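One-letter residues, chain by chain:
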Amino acid sequence: MLKEILELPVEGQIFYAVLVFSWTVYVWEAYLAFRQRRVYRSTMHVPTELGKIMDSDTFAKSRLYQLDKSNFGFWSGLYSETEGTLILWLGGIPFLWRISGFVTARFGLGPEYEISQSLVFLLLATLFSALTGLPWSLYSTFVIEEKHGFNQQTLSFFLKDALKKFAVTQCILLPVTSLLLYIIKIGGDYFFIYAWLFTLIVSLVLVTIYADYIAPLFDKFTPLPEGDLKTDIENMAKSICFPLTKIYVVEGSKRSSHSNAYFYGFFKNKRIVLFDTLLEDFSPMNKKDEEHAAAGQTDENEAAGEERAKPQPKVGTNKKQGCSNHEVLAVLGHELGHWKLGHTVKNIVISQMNSFLCFFLFAALIGQKELFLAFGFHDSQPTLIGLMIIFQFIFSPYNELLSFCLTVLSRRFEFQADAFARDMGRSAELHSALIKLNKDNLGFPVADWLFSTWHYSHPPLLERLRALKGPKQD
Ligand SMILES: [Zn+2]
């Protein structure tokens, strides 16, 4: 077999190399997931080390949740790997390119209108992947997340959301791609510099408008009301010179009861966003009993005819969700640590250097006809297809390596941000907040070392708690 492949022309070798590499990564990931599932299966009881921070009920729940998610990941991963291979094997990409050519021809545009044909191709390709991905995300949301009490969406909310997401993506993707293709066409010898600059500008613009114009299309953002929490956050921001302009609470509970916090914005205009599920006083989970009492009351949004998610969680038990104000401040101390320590800027610099390097290599490779031949393009070399082949397939070993390095770096940053919050004197609160968040999100506290080394962008809970040198638990 190997001998036969080596005797193939270059394009044949490229094709097999891409397939073999893709399956190698798949097998590696499947092996890691298998190791992690073995940990879920064999760890039946809370390890003694965790006895004080995790009750056996939560432990059992998180174990089953993670096991379900991992099994789901196995099947969805196998499916998408097989789908990808079949598409390459059966010539799906050149086939879709020809279809796009027929469509543009119907509008009277010949093959010289490459950008138009590229846009039709992109629209059809994203439509295909949205449709084939839909059953999987439906299953994940309405079977797995639902079963474990996280899902807060109704089916019609989910479908409308998916449609909206598709439409918004197209509104950004299509014009940006056509401009990029145009720049590559007319850019001359140094087109890769212009192409890189263009993507840099696009990403800066997107970051700027995302929060004000895109995110609100999907979720409700309300300013954090005046009160102790707001004053405390403002004081903390001031103490480290964080240029905070606004604090929002986002209604994350409309989708899922997972919780989070983040900040965004440029230079002197930073905003903090807190998930309502992070805040003890805001989380609808905690209002369940009150809502039961006021059964007759109509939901404001429902009355206004607005499509809404389920008004209350299915699995409530009597656990209280979210963190106290002091714990929220500790979590924010960690987040602001990322800013103060320059993690955000470092990540942007790394990603831009990477993007420049990729465009530079792309410029060196795009002239190679063998790359197009390898994927079934015998008589044309469309730029969009070149971008796809080179960025997605040819760079894939490099992409894997880069993403591993970034994961390792991210864990370092997490430790540093934890240490930052500790140095602000918030060690005890961060300690308890991390435990609560782990509990609310049903995180499993034990991990296979190889799996977590490869995948975890955040260090395992126990390592973080140890590094925090939190208060003695006994
Ligand atoms: Zn962090």
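Remember, it's a predicted structure, so these values are computed and weren't measured experimentally.

Peer 1: Explanation requested: the overall build of the protein chain in the structure shown.
Peer 2: Within the protein chain one finds 17 helices and 4 strands. Relative to the compact-globule value of 23 Å for 474 residues, the protein chain shows a C-alpha radius of gyration of 25 Å, a close match. Taken along its principal axes, the extent of the C-alpha atoms in the protein chain is 70 × 50 × 45 Å. Burial analysis of the protein chain (474 residues in total) assigns 25% to the buried set.

Peer 1: I'm lost on the pairing of strand E4 (residues 270-275) in this one. Help?
Peer 2: Regular strands place their side chains on alternate faces of the sheet. As paired elements, strand E2 (residues 244-250) and E4 share 6 bridges and run parallel to each other. Among the inter-strand pairings, Tyr248 is bridged to a residue of E4, identified as Val273. Summarising the sheet, strand E3 (residues 261-264) and E4 pair through 4 bridges and their orientation is antiparallel. Among the inter-strand pairings, Tyr264 is bridged to a residue of E4, identified as Arg271. Where E3 hands over to E4, the hairpin turn is made up of 5 residues, of which Gly265 adopts a positive phi near 115 degrees.

Peer 1: How should I be thinking about helix H4 (residues 92-106) in this particular structure?
Peer 2: Every α-helical turn comprises 3.6 residues, leaving residues that sit three or four positions apart pointing alike. For H4, which comprises 15 residues, the first-to-last C-alpha distance of 21 Å matches the rise-based estimate of 21 Å (1.5 Å per residue) to within 8%. Residues of H4 that are buried include every one of Trp97, Ser100, Gly101 and Thr104, and no others. The buried residues of H4 all sit within an arc of 105 degrees when viewed along its axis, so they share a single face. Exposed positions of H4 whose direction lies more than 90 degrees from the buried face are Phe95, Phe102 and Arg106. Immediately beyond the C-terminal end of H4, within one or two residues, lies Gly108, with a positive phi of roughly 80 degrees.

Peer 1: Mind showing me how you'd approach the packing of helix H5 (residues 114-147) against helix H6 (residues 155-186) here?
Peer 2: Geometrically, a packed helix pair is captured by the angle between its two axes and the distance between the axes. Between H5 and H6, the shortest axis-to-axis distance is 10 Å and the interhelical angle comes to 150 degrees. Between H5 and H6, the crossing angle belongs to the class labelled roughly antiparallel. Remark: the crossing between H5 and H6 carries right-handed chirality. Contacts from Ile115, Ser118, Leu119, Leu122, Leu123, Ala130 and Thr141 in H5 reach Phe158, Phe166, Gln170, Leu173, Leu174, Thr177, Ser178, Leu181 and Tyr182 in H6. Tallied by class, residues from the contact of H5 with H6 come to 11 nonpolar, 5 polar and no charged.

Peer 1: Mind showing me how you'd approach the sheet that holds E3 here?
Peer 2: Two strands in a sheet stick together by hydrogen bonds in their backbones, pointing the same way (parallel) or opposite ways (antiparallel). If you trace the 4 strands from one edge of the open sheet to the other, you get E1-E2-E4-E3, paired in mixed fashion. Across the chains shown, the open sheet's two edge strands, defined by having one partner strand only, are strand E1 (221-223) and E3. With direction set aside, neighbouring strand axes in the sheet form an average angle of 30 degrees. Contacting E3 and E4, helix H11 (residues 325-340) runs over the sheet at an angle of about 40 degrees to E3.

Peer 1: Can you help me understand the UniProt feature "transmembrane region" (unreviewed entry) in the protein chain in this one?
Peer 2: Cross-referencing UniProt, the feature "transmembrane region" (unreviewed entry) maps to residues 14-34, 86-107, 119-144, 165-184, 190-211, 356-378 and 384-409 in the present numbering. Secondary structure content for residues 14-34 is 100% helix and 0% strand, and the end C-alpha separation is 30 Å. Helix makes up 70% of residues 356-378 and strand 0%, with an end-to-end C-alpha separation of 29 Å.

Peer 1: How should I be thinking about helix H7 (residues 191-218) in this particular structure?
Peer 2: Along H7, the sharpest change in direction is near 70 degrees and occurs at Tyr210. Along H7, the residues classified as buried are Phe192, Ala195 and Trp196. Elements that come into contact with the buried residues of H7 comprise H6 and helix H12 (343-365).

Peer 1: Mind showing me how you'd approach unusual backbone geometry here?
Peer 2: A negative phi holds for most residues other than glycine; trans holds for most peptide bonds. We note that Cys241 has phi near 60 degrees; this positive angle belongs to a residue other than glycine. Looking at the secondary structure, you find Cys241 in the loop between helix H8 (228-239) and E2. Of note, the phi angle at Leu442 is positive, near 50 degrees, even though the residue is not glycine. Note that Leu442 resides in the loop between helix H15 (396-440) and helix H16 (449-455).

Peer 1: Would you mind showing me how to read the packing of helix H2 (residues 10-42) against helix H3 (residues 56-89) here?
Peer 2: Between H2 and H3, whose axes approach to 10 Å, the crossing angle comes to 170 degrees. In this view, H2 runs roughly antiparallel relative to H3, as classed from their interaxial angle. On H3, the residues that touch Leu19, Ser22, Tyr26, Glu29, Ala30, Ala33, Gln36, Arg37 and Tyr40 of H2 are Arg63, Gln66, Leu67, Ser70, Gly73, Phe74, Gly77, Glu81, Gly84, Thr85 and Leu88. Among the residues forming the contact of H2 with H3, the class breakdown is 8 nonpolar, 8 polar and 4 charged.

Peer 1: What should I look at first to understand the confidence of the model for the protein chain in this one?
Peer 2: Model confidence for the protein chain is summarised by a mean pLDDT of 87, while 91% of its residues fall at 70 or above. Across residues 289-318, confidence stays below pLDDT 50; counting only partners more than four residues off in sequence or on other chains, it has 29 contacts.

Peer 1: What am I meant to see in the nonpolar core here?
Peer 2: For soluble globular proteins, the rule of thumb is that nonpolar side chains tend to be buried together. In terms of nonpolar packing, the biggest core is built from 36 residues, with Leu274, Leu279, Val328, Leu332, Ala433 and Leu434 touching the most fellow members. Contributing elements (two or more residues each) for this core: H8, E2, E4, H11, H15 and helix H17 (461-468). The biggest single contributor to this core is H15, with 10 residues. Look past the residues within four positions of Ala433 in its chain and what remains in contact with it is Cys323, Glu327, Ala330 and Val331. Counting 27 residues, the second-largest nonpolar core is a separate cluster that includes Phe121, Phe362, Leu371 and Ile385.

Rules and cut-offs
- Residues numbered from 1 in each chain as written.
- Predicted model: local features only at pLDDT ≥ 70, side-chain atom pairs only at ≥ 80, totals over all residues.
- Helix = DSSP H or I, 4+ residues; strand = E, 2+ residues; numbered from the N terminus.
- Rg over C-alpha atoms; globule rule 2.2 N^0.38 Å.
- Buried ≥ 20, exposed ≤ 12 C-beta atoms within 10 Å, placed from the backbone.
- Pairing = 2+ DSSP bridges.
- Expected span 1.5 Å × (residues − 1).
- Arc of directions from axis to C-beta.
- Axes fitted to C-alpha atoms, helices over the stretch in contact; angles between N-to-C directions.
- Parallel < 35°, antiparallel > 145°, perpendicular 65-115°, else oblique.
- Left-handed = near helix turned anticlockwise from the far one by under 90°.
- Contact = placed C-beta atoms within 7 Å.
- Nonpolar A, V, L, I, M, F, W, Y, C, P; charged D, E, K, R; others polar.
- UniProt positions renumbered as here; feature names shortened; annotations may be inferred.
- Bend = angle between axes of the 7 residues up to and from the residue.
- pLDDT = per-residue confidence, 0-100.
- Core = buried A, V, L, I, M, F, W, Y, C linked by C-beta atoms within 7 Å.

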